[in-house]
Amino acid sequence: MSVEFTFAHFSDPHLPLPDERPSLRMLLNKRLPGWLSWHRARHAVHRREVLQALQHDVAAHGAEHMVITGDLVNVALPAEFAAARRWLAELGEPSAVTVVPGNHDRTVDVPWHLGLGQWLPWMSGDGGATVDEAAAFPFVRVRGPVAFLGLSTAVTTPLFMASGRLGAEQLRRAESLLADLGRRGLFRVVALHHPPLDSARQRRKALVDRDALQACLARVGAELVVHGHRHHSRLDCIPGRGQPIAVVGAPSASAGFSRKGEAARWHLFRVRCTNEGWQVTLSVRGLAADGSGFESKGSWTLACERGVSSAA
C-alpha cells in the first residue's frame, strides 16, 4: 500500500506593475532603477499571458498543492503587494498555496501590514499566522506525507545587490523543525528563494549564509529543496544526512522567450510513500516554442530512502 501526494512548484512570477504611477517620493530610493528597468525592457519579458497559461496548465494537471518561491512583485510598492494578494486569492485557498518571499519583494523596507504581511495567509504555518515578522519564518505546513518548510532569504540590500540572507536564528529554528519532521517520517521539502549553492562570481546575487544552510541540512537532512531567483532551470545536489539532497530551481513563471533568462517552466512533483521508501517523480512543463501553451520538457526520478535522499 502506498500514499501519494502531488505538488507544483514555480517561481518569480514578477506580476505587472500597477498602471497607477507612484509618487516621486516613493521612487527616490532603490525602487527607481527597478521601475525604469520594468518600463524599458522587463515588461516585455514577464508576460501576464504566459503566467496565465502556466496557471491553466498547473490546474489541468490537478496538483494538490502549489509552492511559489518568491519575487511576486518587482519594486515593492504597496500597490504591488495588494495586487499580489488579489492574485494569490484567485490562485487558490491559502491552505493549498505556499509562498516564500524573494529579494524583489524586499527591494526596500515596507511596513509589514502594507507589504509582505498582506500575504500572511499563504506563508504561515499550520499553527496559525503571526503578526510578528521576525517570528514568521521558518514555518511548516504538513500536507499528507509531505512537510513544507518555508524559509525567507528576503532582505533589503544596497543598490545593484540582490543577495539573500537567512540569519542565525532562522537557521537554528529550521534545524530543529527539520529534525522533528524527520523523526515523524515525513517527506521534507525546503522552500526558499535564493539557491543554497552558488559560485563566488555570483556573489552579488547569492545567499550570503549558504554555507551555514548547507551545514544545517547535512546535519539533519531533507528530502528536497526548491528555489527560484536565477531565472534558469537547475538540478543540483548538496550533502544531506547520509545521502545527497536534490535541489531543484525553476525559471520565472511569467517569462516569454528572450535573449536573457529562460522561458517559463514549472515543476510537478509526485511523491509516493511505500514500504520500500520514497518514490519521487519530477515532471518539467515548459512554454511551447510557439508560445501557445505548455508542454512536457522531460521527467526525472528522484530516488529517496526514508530519512535520506539522492538524485538519480
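Residues numbered from 1 in each chain as written. Predicted model: local features only at pLDDT ≥ 70, side-chain atom pairs only at ≥ 80, totals over all residues. Heavy atoms only, no water.

Colleague: Run through the overall build of the chain, naming residues and quoting values.
Modeller: Helix and strand counts for the chain stand at 6 helices and 13 strands. Whereas a compact globule of 312 residues would reach a radius of gyration of roughly 20 Å, the chain reaches 18 Å, a difference of no more than 12%. Principal-axis analysis of the C-alpha atoms gives the chain an extent of 60 × 45 × 40 Å. A total of 312 residues make up the chain; the buried ones form 53% of that total. Sequence separation of at least 24 residues holds for 67% of the intrachain contacts in the chain that already meet a minimum separation of 6. Counting only carbon and sulfur atoms, one obtains 52% of the accessible surface of the chain, whose full area is about 13,500 Å². Computing the positive centroid from 36 side-chain charges and the negative centroid from 29, the chain places the two 5 Å apart. (Helix = DSSP H or I, 4+ residues; strand = E, 2+ residues; numbered from the N terminus. Rg over C-alpha atoms; globule rule 2.2 N^0.38 Å. Buried < 20%, exposed > 50% of the residue type's maximum accessible area, 1.4 Å probe, protein only. Contact = heavy atoms within 4.5 Å. Areas by Shrake-Rupley, 256 points an atom, 1.4 Å probe, with all protein chains shown as cover. Lys, Arg positive; Asp, Glu negative; His and termini not counted. Charge placed at Lys NZ, Arg CZ, Asp CG, Glu CD.)

Colleague: So what's going on with the nonpolar core? Residues and values would help.
Modeller: Grouped together as the largest cluster of nonpolar side chains are 59 residues, with contacts concentrated most on Phe-10, Leu-88, Trp-119 and Leu-224. Contacts of Trp-119, omitting those with residues within four sequence positions, involve Leu-72, Val-73, Phe-81, Ala-84, Arg-85, Leu-88, Val-99 and Asp-105. Among the nonpolar cores identified, the runner-up in size contains 22 residues, and Leu-171, Val-190, Leu-192 and Val-247 belong to it. (Core = buried A, V, L, I, M, F, W, Y, C linked by side-chain atoms within 4.5 Å.)

Colleague: Requested: an account of unusual backbone geometry, with residues and values cited.
Modeller: Across the junction of Phe-137 and Pro-138, the peptide omega takes the value 0°, indicating a cis bond. Structurally, Pro-138 is set in the loop between β3 (97-100) and β4 (139-143). Unusually for a residue other than glycine, Asp-71 sits at a positive phi of about 55°. Inspection of the secondary structure assignment puts Asp-71 in the loop between β2 (65-69) and α4 (78-91). When its relative accessible area of 1% is taken as the criterion, Asp-71 is described as buried.

Colleague: Break down the environment of His-39 for me, citing the residues and quoting the values.
Modeller: Residue placement: His-39 occurs in helix α2 (residues 31-45). C-alpha separation for the pair His-39 and Leu-17, spaced 22 residues apart in sequence, amounts to 9.0 Å.

Colleague: Before we move on, can you summarise the state of the cysteines with the specific residues and values?
Modeller: One covalent bond between the sulfur atoms of two cysteine residues makes up a disulfide. Across all of its chains, the model carries 0 disulfides by this definition. Free cysteine Cys-216: the closest other cysteine sulfur is in Cys-237, separated by 17 Å. (Disulfide = S-S within 2.5 Å.)

Colleague: A description of the side chain of Ser-252 should follow, citing residues and the corresponding values.
Modeller: You can see Ser-252 is positioned in the loop between β9 (245-249) and β10 (265-274). A polar side-chain atom of Ser-252 sits 2.8 Å from the main-chain carbonyl oxygen of Asp-12. Beyond its immediate chain neighbours, meaning those up to four positions away, Ser-252 contacts Ser-11, Asp-12, His-14, His-46, His-231, Ala-264 and Arg-265. (Polar contact = N/O pair within 3.5 Å; in protein donor to acceptor, adjacent residues only side chain to side chain.)

Colleague: Could you give an account of the pattern of salt bridges, naming the residues involved and the relevant values?
Modeller: Summed over the entire model, instances satisfying the criterion amount to 14 salt bridges. Across the pair Arg-285 and Asp-57 runs a salt bridge whose closest N-O atoms are separated by 2.9 Å. Here Arg-285 is found in strand β11 (residues 277-287), whereas its partner Asp-57 is found in helix α3 (residues 48-60), with 228 residues between them in sequence. Classification of Arg-285 as buried rests on a relative accessible area of 15%. Relative accessible area serves as the criterion here: at 10%, Asp-57 is assigned to the buried category. A salt bridge links Asp-180 to Arg-184; the shortest N-O distance between them is 3.9 Å. Overlapping salt bridges bring together Glu-4, Arg-270 and Arg-272 as one network. (Salt bridge = Lys/Arg side-chain N within 4 Å of Asp/Glu carboxyl O.)

Colleague: Can you explain the sheet that holds β9? Please cite residues and give values.
Modeller: Strand order in the open sheet formed by 6 strands is β4-β5-β6-β7-β9-β8, with mixed pairing between adjacent strands. Since the sheet does not close on itself, it has two edges, and those belong to β4 and β8 (234-238), each with one partner. Within this sheet the neighbouring strands show an average axis-to-axis angle of 20°, counted without direction. Where β8 lies against β9, 5 bridges are found, and the strand directions are antiparallel. Following the sheet pairing, Arg-234 is matched in β9 by Gly-249. (Pairing = 2+ DSSP bridges. Axes fitted to C-alpha atoms, helices over the stretch in contact; angles between N-to-C directions.)

Colleague: Run through the packing of aromatic side chains, naming residues and quoting values.
Modeller: How two aromatic rings sit relative to each other is given by the distance of their centres and the angle of their planes. Scanning all chains against the criterion turns up 6 aromatic pairs. Seen in terms of ring centroids, Phe-187 and Trp-278 are 5.2 Å apart; in terms of plane orientation they differ by 75°. Their pairing is edge-to-face. You can see Phe-187 sitting in strand β6 (residues 187-191) and its partner Trp-278 sitting in strand β11, a full 91 residues away along the chain. Trp-278 carries the same exposure label as Phe-187, and that label is buried. Clustering of aromatic rings is evident, with ring pairs tying together Phe-5, Phe-7, Phe-148 and Phe-269. (Phe/Tyr/Trp six-rings, centres within 6.5 Å; stacked < 30°, edge-to-face > 60°.)

Colleague: Which residues make up helix α5 (residues 168-183), and what values go with them?
Modeller: For α5, which comprises 16 residues, the first-to-last C-alpha distance of 23 Å matches the rise-based estimate of 22 Å (1.5 Å per residue) to within 8%. For α5, every residue scored as buried is listed here: Gln-170, Leu-171, Ala-174, Leu-178 and Leu-181. Angular distribution of buried residues about the axis of α5 spans 90°; they occupy a single face of the element. Facing away from the buried surface of α5 by more than 90 degrees, the exposed residues are Ala-168, Arg-172 and Arg-183. Buried residues along α5 sit in contact with β4, β5 (146-150), β6 and α6 (210-220). (Expected span 1.5 Å × (residues − 1). Arc of directions from axis to C-beta.)

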